[in-house]
Amino acid sequence: MIVKVAIDLSLDRLFTYEVPGELQGKLAVGQLLCVPFSSRQVNAFAMEISAGDEASVEGRRLRPIGKIIDEKPFFTPALLKLVGQIAAYTASPIESVLRAAVPAAVLKPNAKARELLFVEPSREPFAAALTSRQRWICEQVVRLGGGWMRQLCRELGTTPSTLRALGQKGALVITVQARRRDPLCAAKIRPSRPLELNAEQRAALDTVLASELPVLLHGVTGSGKTEVYLQAIAAVLENGGGAIVMVPEIALTPQTVQRFASRFGDQVAVLHSALSDGERYDEWHRIRSGQARVVVGPRSAVFAPVRNLALIVVDEEHETSYKQEDAPRYHARDVAVMRGRIEHARVVLGSATPSLETWLNVRKGKYTLATIARRAGAGRLPSVAIVDMAEGGEERRGAIFSPRLLEAIALRLDRGEQTILFLNRRGYSRSVVCECGYVMTCPDCSAPYTYHRADNCLRCHICGGWRTVPRECPECKSSTLSYRGIGTQRAEAALAKCFPHARILRMDADSTSRKQSHDDILGAFRRGEAQILLGTQMIAKGLDFPNVTLVGVLNADSSLNMPDIRAAERTYQLLSQVAGRAGRAELPGEVFIQTYDPSSPVIVAAARGDFVAFAEEELKIRRELDFPPYLRMALVNLRSKNAKLVSEWSEMYAKSLKQVKGLIVGDAIPSAIEKADGWYRWQIMLRSPSSAVIVRAWRWIIAVRPAPRELRVFLDVDAYNMV
Ligand code: ADP
Ligand code: ZN
Ligand code: ZN
């Protein structure tokens with residue numbers, strides 16, 4: 001018998017070993033093994049087992065595997081199939097996909113369950129004589145039904161040696177038991193019961209449970225999509241199935257997790273980046289053993305070894321955080337669909353602003369559509385107004401606030417209601433510019449510096465580097481440097497001038513660098529300690545403040561002008577999300593979108609909340625340009641500290657790739673961020689109706705022209721990050 005194994009060495013190949021007789025009955029695919037590799041022992045996953053008595057492969061004698069580390073497989077055959085498909089689709093080594101699919105905390109050599117002493121009353125009669133104090137202790141242990149040694153000692157005011165003595169007398173039984181490290185134990189979870197669904201929700205639930213195809217659940221924020229997920233999960237649990245719920249990391253707040261935990265209790269496992277290694281280890285093992293049947297987590301949760309997987313929910317399916325930006329560059333939404341197909345599980349993609357990839361799949365009949373058009377609970381959709389910032393002529397140009405928005409804020413302050421203001425740029429000003437045209441720029445990156453007033457310095461938002469503000473222009477020595485563009489700090493200062501008595505909170509990457517400060521700011525706003533919350537996209541998502549009745553988008557154009565084929569789509573999503581923050585409870589909401597381009601179809605559609613109109617218009621443009629979702633698009637990214645090397649190799653690669661049939665190859669160009677952290681960045685855009693053509697071309701080119709040592713080259717299939 002021989003076994004092919006994957007070893008985590010990024011060699012992109014499997015290694016063959018012999019299986020010794022005594023292990024043959026125990027070996028299974030997906031198990032973690034220990035194998036000899038050159039002069040070391042390394043961990044490896046069993047990938048393929050075959051009967052065969054070849055003693056050698058390619059002229060080399062096979063070595064026997066060392067041992068089976070865990071007889072329970074880490075991967076089911078279905079998961080291994082999924083891993084193989086992802087490796088092929090993203091052109092990544094299979095072991096990198098395996099690594100992404102199991103939490104590192106589970107594979108650490110010293111990872112294990114936490115074992116503590118547990119004290120129970122003895123079930124056997126015992127003869128020993130006890131003092132009255134000892135008898136009292138035993139009675140208390142019986143009353144409590146046992147407990148952990150440490151807790152009991154604290155609760156009963158006694159010591160471990162006292163309890164141990166009672167153990168020796170046979171009055172108590174003390175054993176070592178695994179104690180779960182529970183990430184939810186701090187949260188007070190009250191059980192919740194299913195809500196009576198409205199007609200649209202009911203229809204959506206029926207579709208989810210009946211459709212063989214993936215379902216797009218298209219519903220505005222607050223339309224009750226989560227309640228539909230909860231009841232769909234309840235239905236699959238009833239039939240002995242399990243479920244995975246994916247949420248974007250940023251939305252993975254305690255409130256989100258609690259909604260699932262309060263419905264399904266201990267059956268819920270949480271996997272996210274804030275867990276300790278121990279918690280993650282325990283949660284993963286609870287999933288594998290079948291104790292936990294509902295998994296809530298970010299993109300990596302798509303790999304959770306859930307038993308009898310029957311449902312996968314991808315909430316906010318359009319979120320780009322589902323795309324992993326390091327190898328393997330998989331998209332968790334697409335992986336969910338792949339996994340659903342392999343394991344015959346239902347898949348639900350939920351969003352108020354679906355991705356155009358998903359929308360096109362609906363139009364092609366590959367996905368089923370379920371729509372919820374109305375909000376479920378209290379709260380109506382807000383009224384949205386577009387404010388033309390060009391109005392008022394030249395002297396108002398560059399203003400931060402329109403008079404209409406200022407009036408609306410003043411009204412909220414009078415009424416004791418709250419306002420959220422959104423600006424997609426942190427710092428004080430966008431850039432520092434001299435009258436000669438010189439722009440202060442980071443030498444390591446090609447990006448202009450942003451002025452930060454709090455610490456009076458220039459900061460690079462790409463590498464994080466900073467410098468002091470120069471007294472004069474390095475080019476012309478003039479001292480007339482000026483601040484262009486508006487960042488959150490500048491908007492905050494201007495706001496404080498307009499409303500000196502208002503309390504304002506600012507939330508951006510600078511004000512939340514301290515751990516906890518994120519929650520502190522939101523908590524303070526929720527408690528009404530401030531009337532205005534001003535922030536970057538951090539505040540756009542998932543927050544629910546009943547007292548907010550006004551939302552202002554200070555500059556809707558900034559995201560429209562990004563160098564990204566999805567700029568319009570992103571802008572639509574952002575504006576819809578921000579607008580969704582207003583009027584979530586009984587109070588009606590109002591939204592102002594400030595722009596210099598008030599007739600932009602994207603802004604008009606977002607203001608009307610008309611996703612279908614936006615999607616149809618944008619799809620037309622994508623089709624004309626041969627862009628995704630009509631064609632598959634991948635970026636070949638090239639990075640080097642050597643400017644000449646990266647440009648020459650980029651051009652050579654582009655030229656060679658242009659010979660491939662069925663592939664549209666763009667010119668090699670410097671990325672929008674030409675230089676970051678000292679690395680020069682180039683890219684080549686590849687497009688084809690078939691992603692397999694792209695991957696084949698890529699594998700061919702790096703095989704015939706392998707990159708030199710000083711050049712990093714990687715392929716990003718279905719790239720979302722264009723800069
Ligand atoms: P979404 O996930 O679409 O943003 P939620 O599921 O969070 O929407 O629902 C928004 C609000 O409406 C929540 O407070 C929820 O409790 C409430 N809600 C959802 N469904 C119903 C229903 N059928 N009846 C009453 N309230 C509901
Ligand atoms: Zn920099
Ligand atoms: Zn100058």
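Quantities reported herein were computed from a predicted structural model and do not represent experimental measurements.

Undergrad: Before we go on, may I ask you to explain the overall build of the chain in this structure?
TA: Summing up its helical and strand segments, the chain has 21 helices and 33 strands in all. Whereas a compact globule of 723 residues would reach a radius of gyration of roughly 27 Å, the chain reaches 30 Å, a difference of no more than 12%. Summarising its shape, the C-alpha atoms of the chain cover approximately 95 × 75 × 60 Å along the three principal directions. In the chain, which comprises 723 residues, the proportion classed as buried is 50%. Contacts spanning at least 24 positions in sequence make up 74% of the contacts within the chain whose residues lie at least 6 apart. Charge centroids of the chain, computed over 96 positive and 77 negative side chains, lie 4 Å from each other.

Undergrad: Help me understand the site of ligand 1, please; the structure alone is not making it clear to me.
TA: Around ligand 1 there are 16 residues in total, and E196, Q201, G222, T226 and R259 lie nearest to it. Between an oxygen atom of ligand 1 and a main-chain N or O atom of G222, the distance comes to 2.8 Å. The separation between an oxygen atom of ligand 1 and a polar main-chain atom of K225 is 2.9 Å. Here ligand 1 loses 70% of its free accessible area of 550 Å² to cover by the protein chains. Here the element with the most residues in the shell around ligand 1 is helix α8 (residues 225-238); it accounts for three residues.

Undergrad: Please clarify how helix α11 (residues 332-343) should be interpreted in this entry.
TA: Its twelve residues give α11 an end-to-end C-alpha distance of 16 Å, which sits within 8% of 16 Å, the value for a rise of 1.5 Å per residue. Turning to α11, its buried residues number three or more, namely A332, R333, V335, A336, V337, M338, R339, G340, I342 and E343. Turning to α11, the residues buried within the fold contact α1 (77-90), β12 (242-246), β15 (309-315), β16 (346-351) and α12 (356-363). Looking at the residues trailing α11, positive phi occurs at H344, about 55 degrees.

Undergrad: Explanation requested: the sheet that holds strand β22 (residues 457-459) in the structure shown.
TA: What links the strands of a sheet is backbone hydrogen bonding, and the strands pair in either a parallel or an antiparallel sense. In space, the three strands of this open sheet follow the order β21-β22-β23, with antiparallel pairing throughout. Strands with a single pairing partner mark the edges of an open sheet, and in this sheet they are β21 (450-452) and β23 (466-468). Strand after strand, the sheet turns through a mean of 35 degrees between neighbouring axes, direction not considered. Note: β21 against β22, three bridges, orientation antiparallel. Opposite Y451, over in β22, you have L458 as the bridge partner.

Undergrad: How do you make sense of the nonpolar core when you look at a structure like this?
TA: Side chains that are nonpolar tend, in soluble globular proteins, to be buried together. Membership of the largest hydrophobic core comes to 86 residues, with the highest contact counts inside it found for F75, I244, M246 and L533. Excluding residues that lie within four positions of it along the chain, L533 makes contacts with T419, I420, L421, L505, M507, I521, L522, F525 and I539.

Undergrad: It is not clear to me how the coordination of the zinc ion (ligand 3) should be interpreted in this structure. Could you clarify?
TA: In a perfect tetrahedron of four donors around a metal, the angles come out at 109.5 degrees. In a perfect octahedron of six, they are 90 or 180 degrees. Donor atoms from the polypeptide that coordinate the zinc ion (ligand 3) comprise C434 (SG), C436 (SG), C473 (SG) and C476 (SG), at 2.2 to 2.4 Å from the metal. On the primary sequence, the residues serving as donors to the zinc ion (ligand 3) are separated as C-x1-C-x36-C-x2-C. For C473, a relative accessible area of 0% gives the class buried.

Undergrad: Help me understand helix α19 (residues 611-625) in this model?
TA: Because an α-helix packs 3.6 residues into every turn, residues spaced three or four apart end up facing the same way. The terminal C-alpha atoms of α19 lie 21 Å apart, and with 15 residues this matches the ideal 21 Å at 1.5 Å per residue to within 8%. Every buried residue of α19 is accounted for by F611, F614, A615, E618, L619 and R622. Relative to the axis of α19, the buried residues are bounded by an arc of 125 degrees and lie together on one face. Facing away from the buried side of α19 by over 90 degrees, the exposed positions are K620, R623 and E624. In this fold, the buried residues of α19 make contact with β11 (215-219), α12, α17 (567-579) and α18 (601-608). Looking one or two residues beyond α19, the residue adopting positive phi is D626, at roughly 60 degrees.

Undergrad: What should I look at first to understand the packing of aromatic side chains in this one?
TA: One pair of aromatic rings is described through two measures. These are the centre distance and the angle between the planes. With the rule as written, the count across this model stands at 13 aromatic pairs. A connected cluster of aromatic rings, assembled from ring pairs, spans F45, F74, F75 and W284. Positioned above the aromatic ring of F74, the side-chain terminus of R288 is 5.0 Å from the ring centre. Just above the ring of Y720 sits the side chain of R566; from NZ or CZ to the centre is 3.9 Å.

Undergrad: I'm lost on the domain arrangement of the chain in this one. Help?
TA: For interface size, the figure often reported is the accessible area lost on association. The domain architecture assigned to the chain consists of domain 1 (2-73), domain 2 (115-178), domain 3 (199-372), domain 4 (383-429 + 485-620) and domain 5 (632-717). Averaged C-alpha coordinates put domain 2 and domain 5 at centres separated by 68 Å.

Undergrad: Explanation requested: the packing of α1 against helix α2 (residues 94-101) in the structure shown.
TA: Packed helix pairs are characterised by how far apart their axes lie and by the angle those axes make with each other. Between α1 and α2, the shortest axis-to-axis distance is 9 Å and the interhelical angle comes to 125 degrees. Between α1 and α2, the angle falls in the class oblique. Considering how the two elements wind past one another, α1 and α2 form a crossing that is right-handed. Residues L80, V83, G84, I86 and A87 of α1 form the contact with α2, whose own contacting residues are I94, V97 and L98. Residues of the contact of α1 with α2, tallied by class, amount to seven nonpolar, one polar and no charged.

Undergrad: Explain the packing of α8 against helix α9 (residues 254-264) to me, please; I cannot follow it from the model alone.
TA: At a minimum axis separation of 11 Å, α8 and α9 run at an interaxial angle of 35 degrees. Where α8 crosses over α9, the handedness of that crossing is right-handed. Between α8 and α9, the contacting residues are T226, E227, L230, Q231, I233, A234 and L237 on the first element and R259, F260, R263 and F264 on the second. Residue classes in the contact of α8 with α9 are distributed as six nonpolar, two polar and three charged.

Undergrad: What exactly am I supposed to notice about the sheet that holds strand β10 (residues 172-178) here?
TA: In space, the three strands of this open sheet follow the order β9-β8-β10, with antiparallel pairing throughout. Strands with a single pairing partner mark the edges of an open sheet, and in this sheet they are β9 (147-148) and β10. Where strand β8 (residues 115-121) meets β10, seven bridges bridge the pair, whose relative direction is antiparallel. Of the residues in β10, the one forming a bridge with E115 is A178. Relative to β10, helix α6 (residues 160-168) is tilted by about 115 degrees, and along the sheet it contacts β8 and β10.

Analysis parameters
Residues numbered from 1 in each chain as written. Chains lettered and ligands numbered in written order. Predicted model: local features only at pLDDT ≥ 70, side-chain atom pairs only at ≥ 80, totals over all residues. Heavy atoms only, no water. Helix = DSSP H or I, 4+ residues; strand = E, 2+ residues; numbered from the N terminus. Rg over C-alpha atoms; globule rule 2.2 N^0.38 Å. Buried < 20%, exposed > 50% of the residue type's maximum accessible area, 1.4 Å probe, protein only. Contact = heavy atoms within 4.5 Å. Lys, Arg positive; Asp, Glu negative; His and termini not counted. Charge placed at Lys NZ, Arg CZ, Asp CG, Glu CD. Near = heavy atom within 4 Å. Polar contact = N/O pair within 3.5 Å; in protein donor to acceptor, adjacent residues only side chain to side chain. Areas by Shrake-Rupley, 256 points an atom, 1.4 Å probe, with all protein chains shown as cover. Expected span 1.5 Å × (residues − 1). Pairing = 2+ DSSP bridges. Axes fitted to C-alpha atoms, helices over the stretch in contact; angles between N-to-C directions. Core = buried A, V, L, I, M, F, W, Y, C linked by side-chain atoms within 4.5 Å. Donors = N, O, S within 2.8 Å, 3.2 Å for Na, K, Ca; no water. Arc of directions from axis to C-beta. Phe/Tyr/Trp six-rings, centres within 6.5 Å; stacked < 30°, edge-to-face > 60°. Lys NZ or Arg CZ within 6 Å of the ring centre and 35° of its normal. Domains from an automatic or database assignment. Parallel < 35°, antiparallel > 145°, perpendicular 65-115°, else oblique. Left-handed = near helix turned anticlockwise from the far one by under 90°. Nonpolar A, V, L, I, M, F, W, Y, C, P; charged D, E, K, R; others polar.

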